[in-house]
Amino acid sequence: MSTYDVVILGAGPGGYNAAIRAGQLGLKAVCVEGRATLGGTCLNVGCMPSKALLHASELYDAAMGAEFATLGIEVKPTLNLAQMMKQKDESVAGLTKGIEFLFRKNKVHWIKGWGHIDGPGKVTVTDRHGEKTELLAKDIIIATGSEPTPLPGVDIDNKRILDSTGALSLTEVPKHLVVIGAGVIGLELGSVWRRLGAQVTVVEYLDRICPGVDGEAGKTLQRSLSKQGINFKLSSKVTSATTSETGVQLSVEPAAGGTAELIEADYVLVAIGRRPYTEGLGLENVGLATDKRGMLANKGHRTEAAGVWVIGDVTSGPMLAHKAEDEAMVCIEQIVGKAAEVNYDLIPNVIYTKPELASVGKTEEQLKTEGRAYKVGKFPFTANSRAKINHETEGFAKVLADERTDEILGVHLVGPSVSEMIGEYCVAMEFSASAEDIALTCHPHPTRSEALRQAAMNVEGMATQM
Ligand code: FAD
Ligand code: NAI
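The shown structure was predicted, so the numbers you read here are calculated from the model rather than taken from an experiment.

*Asks:* Which residues make up the sheet that holds strand E12 (residues 236-243), and what values do they have?
*Replies:* Two strands in a sheet stick together by hydrogen bonds in their backbones, pointing the same way (parallel) or opposite ways (antiparallel). Within the open sheet, the 3 strands sit side by side as E12-E13-E14. Their pairing is antiparallel. Single-partner strands in this sheet number two, and they are E12 and strand E14 (261-265). Each strand axis lies, on average, 30 degrees off the axis of its neighbour in the sheet, ignoring direction. Relative to strand E13 (residues 248-254), E12 runs antiparallel, the two sharing 7 bridges. Paired with lysine 237 across the two strands is glutamate 253, which belongs to E13.

Right, here's the structure in full:
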C-alpha cells in the first residue's frame with residue numbers, strides 16, 4: 001500500500017495537468033490511467049489526431065483543387081493514406097511521450113490500470129494482468145473524461161458504423177460517409193474525409209448546425225462547407241441502420257415525423273455528443289451518484305464527498321481540453337489552500353474546419369434572450385488585404401459590445417486561422433476591455449488580425465477599410 005497527498009484518476013488534459021501542477025507545488029502525486037498511454041481522449045483519439053488529419057487533408061485538398069492552381073502551382077498529388085495515418089500516429093506517440101517526460105520532471109508517479117474508489121481516501125488499481133495496487137491519499141481527483149453517446153438503433157461496431165476513434169483511423173477513403181450529428185466532430189471529421197475524396201452527407205436533428213454557436217457564424221460556416229461539397233440534411237433523424245459486409249442502409253425521417261427515406265453509405269460516423277465516463281469507479285463507496293446524464297456535480301470542483309474532487313469532461317461545463325486544463329490548475333491550487341477560480345464566461349470555442357469558427361463570450365442569441373442592449377461591429381475578410389492577397393476571403397469578425405459601457409461581451413470569428421487569433425479577445429475580455437480599447441490598439445499590417453481591430457472600430461461605425 002502506497003500513501004500519497006493526491007490520487008488523480010485519469011490522465012487526460014484534466015488529469016495530467018492536475019498531476020503536473022501538484023508535482024510543481026510539492027505534493028506527492030500519483031496519476032492512474034487505464035489506457036496504455038498518457039494524454040487521455042485529447043492526445044490519443046481526440047484533439048490531436050483530428051488536427052493532424054485536418055492539417056494534412058487541407059493541404060491535400062489545396063493541392064488537388066483550384067487553390068494551388070490559382071497561385072500558379074501546378075501539381076498532381078496522389079493520396080498516400082497509410083503515410084497520412086502513420087505521421088498522425090507518430091505525432092500522437094511523440095505527444096504522449098512528452099507527458100511521460102513531464103511526469104518524470106515533476107516527480108509524478110504514473111500507475112497503469114483502472115482505478116476504483118474503495119472508500120474515502122482509498123483507491124485500488126487493477127492492471128491489465130489483474131494485478132492490484134492499493135493507494136491511500138488525502139485527496140482524490142476524478143478526471144475520467146467522457147465517451148461517445150450511443151444512438152439507439154445505430155450500433156457502433158467501428159467497422160462500418162464508427163465513432164470518432166474509428167473515423168480517425170480508416171484504412172480507405174469512404175465512397176459515401178454519412179455523419180449523424182452536425183456538431184464539432186461531425187464537421188471536423190466530415191471535412192477530413194470530404195477533402196480526401198469521400199461524398200459526405202451530414203444528418204442533423206435540429207434545423208441548424210452546431211447548436212450553441214452564434215447563429216450568423218453557424219450559417220456562414222454551413223454555407224462554406226456546402227460549397228466544399230458537404231451535403232446537409234437538417235431537421236432529420238436516423239431511425240435505424242442495417243449493416244452488411246460492404247455498407248450500411250440508414251432509414252432517415254424528418255425530425256417532426258413523416259415519410260422515411262433510405263440512404264446507402266459505406267461508412268457511418270455517429271457524432272451526436274459525448275457523455276461523462278464513470279464506469280466501475282466505485283462512486284457509491286463515497287456516497288456519490290451521477291445525475292440522469294451521467295454527470296458528477298461539483299461546487300468549485302469539490303464533490304459532496306469530503307476529499308473527492310472532479311474536473312474535466314466528467315463534470316459540468318463545455319467538454320473541451322482547455323476547460324479541463326483550467327479546472328485542473330484551479331483544483332490543485334484549492335487543494336493547497338490557494339485562492340483560484342475558473343472564469344467560465346471566457347472559455348473559447350473553436351471548430352477547426354476551413355474556414356475555422358472561433359468564438360468567446362456571448363452569442364447574439366444569448367444577449368437577446370437576456371434582454372441586454374448591445375452594439376455590433378462587423379468586418380468581412382473580403383475587405384482585409386492579407387486575406388485578399390492569399391485568396392482566403394471567406395468569413396468575418398464580429399464584436400458584440402454593451403450598448404452603454406462599450407464592454408466587449410462576445411466575439412465571433414469565421415475565417416482562416418481564426419483559432420490563433422481569438423486569444424487576443426480572450427485576454428482583452430479578461431481585463432474587461434471595451435471595443436474602443438481594441439479599436440485604439442495598433443495591429444501589424446498586413447495581417448488578418450487587422451480585421452479583428454476593424455470589427456472593434458465598426459462597433460461605432462468607424463471601420464476605415466470598408
Ligand atoms: P479525457 O481526455 O477523456 O481523459 C480521461 C482519461 O481517464 C482517459 O484516458 C481514460 O482512459 C481515463 N480513465 C477513465 N476512467 C478511469 C479509471 N477508472 N481509472 C483510470 N483511468 C481512467 N477539445 C478541445 O478543446 N479542442 C479540440 O480540438 C478537441 N477535439 C476533439 C476531437 C475529438 C475527435 C474528440 C473525441 C474530442 C475532442 N475534444 C477537443 C474534446 C477533448 O478531447 C476533451 O474535452 C478532453 O480530452 C477532456 O479531458 P479530460 O481530462 O476531462 O478527459
Ligand atoms: P456536439 O454536441 O458538438 O454535436 C452533436 C450534434 O448532434 C448536435 O448538433 C445535435 O443536435 C446533434 N444530434 C444529437 N442527437 C442527434 C440525432 N439523434 N440525430 C441527429 N443529430 C443529432 O457533439 P460531437 O460533435 O459529438 O462532439 C462532442 C464534444 O466533443 C463536443 O461537444 C466538444 O465538446 C468536443 N469536441 C471539441 C472539438 C473542438 O473543440 N474543436 C472537436 C471535437 C469534439
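*Asks:* Describe in detail the packing of aromatic side chains, supporting the description with residues and values.
*Replies:* Inspection of every chain in the model, using the stated rule, returns 0 aromatic pairs. The ring of tyrosine 4 carries lysine 28 above its face, with NZ or CZ at 4.8 Å from the centroid.

*Asks:* Pulling in residues and values, what's your account of unusual backbone geometry?
*Replies:* Along the chain, lysine 354 connects to proline 355 via a cis peptide bond; the corresponding omega equals 0 degrees. Here proline 355 is to be found in the loop between strand E18 (349-351) and strand E19 (356-361). A cis amide bond links histidine 445 with the next residue in sequence, proline 446, at an omega value of -5 degrees. Within the element layout of this structure, proline 446 appears in the loop between helix H13 (435-439) and helix H14 (449-457). With a phi close to 45 degrees, cysteine 210 is a non-glycine residue in the positive phi region. When you line up the elements, cysteine 210 lands in the loop between strand E10 (199-203) and helix H8 (215-227).

*Asks:* Quick one: what's the story with the site of ligand 2, residue by residue and with numbers?
*Replies:* If you check the shell around ligand 2, you find 22 residues, and the closest are Glu188, Glu204, Gly273, Met319 and Val350. At 2.6 Å from an oxygen atom of ligand 2 is found a side-chain nitrogen or oxygen belonging to glutamate 204. In isolation ligand 2 offers 840 Å² of accessible surface; the protein chains occlude 78% of this area. For the shell around ligand 2, the leading source of residues is helix H7 (residues 184-195), giving 4 residues. Taken together, the residues of the shell around ligand 2 sort by class into 15 nonpolar, 4 polar and 3 charged.

*Asks:* A description of the domain arrangement of the protein chain should follow, citing residues and the corresponding values.
*Replies:* Often, the extent of an interface is quoted as the loss of accessible area upon association of its parts. For the protein chain, the assigned domains are domain 1 (2-148 + 275-344), domain 2 (161-272) and domain 3 (355-460). For domain 1 versus domain 3, the separation of C-alpha centres amounts to 31 Å.

*Asks:* Before we move on, could you go through the site of ligand 1 and cite the residues and values that matter?
*Replies:* Taken together, 38 residues form the shell around ligand 1, and within it Gly14, Glu33, Thr41, Lys51 and Asp313 come nearest. One nitrogen or oxygen atom from the main chain of leucine 320 is found 3.2 Å from an oxygen atom belonging to ligand 1. Elements with a minimum of two residues in the shell around ligand 1: helix H1 (13-24), strand E2 (29-33), helix H2 (40-45), helix H3 (47-64), strand E4 (114-119) and helix H9 (321-335). Considering every element that reaches the shell around ligand 1, the biggest residue donor is H2, with 4 residues.

Cut-offs applied
Residues numbered from 1 in each chain as written. Chains lettered and ligands numbered in written order. Predicted model: local features only at pLDDT ≥ 70, side-chain atom pairs only at ≥ 80, totals over all residues. Heavy atoms only, no water. Pairing = 2+ DSSP bridges. Helix = DSSP H or I, 4+ residues; strand = E, 2+ residues; numbered from the N terminus. Axes fitted to C-alpha atoms, helices over the stretch in contact; angles between N-to-C directions. Phe/Tyr/Trp six-rings, centres within 6.5 Å; stacked < 30°, edge-to-face > 60°. Lys NZ or Arg CZ within 6 Å of the ring centre and 35° of its normal. Near = heavy atom within 4 Å. Polar contact = N/O pair within 3.5 Å; in protein donor to acceptor, adjacent residues only side chain to side chain. Areas by Shrake-Rupley, 256 points an atom, 1.4 Å probe, with all protein chains shown as cover. Nonpolar A, V, L, I, M, F, W, Y, C, P; charged D, E, K, R; others polar. Domains from an automatic or database assignment.

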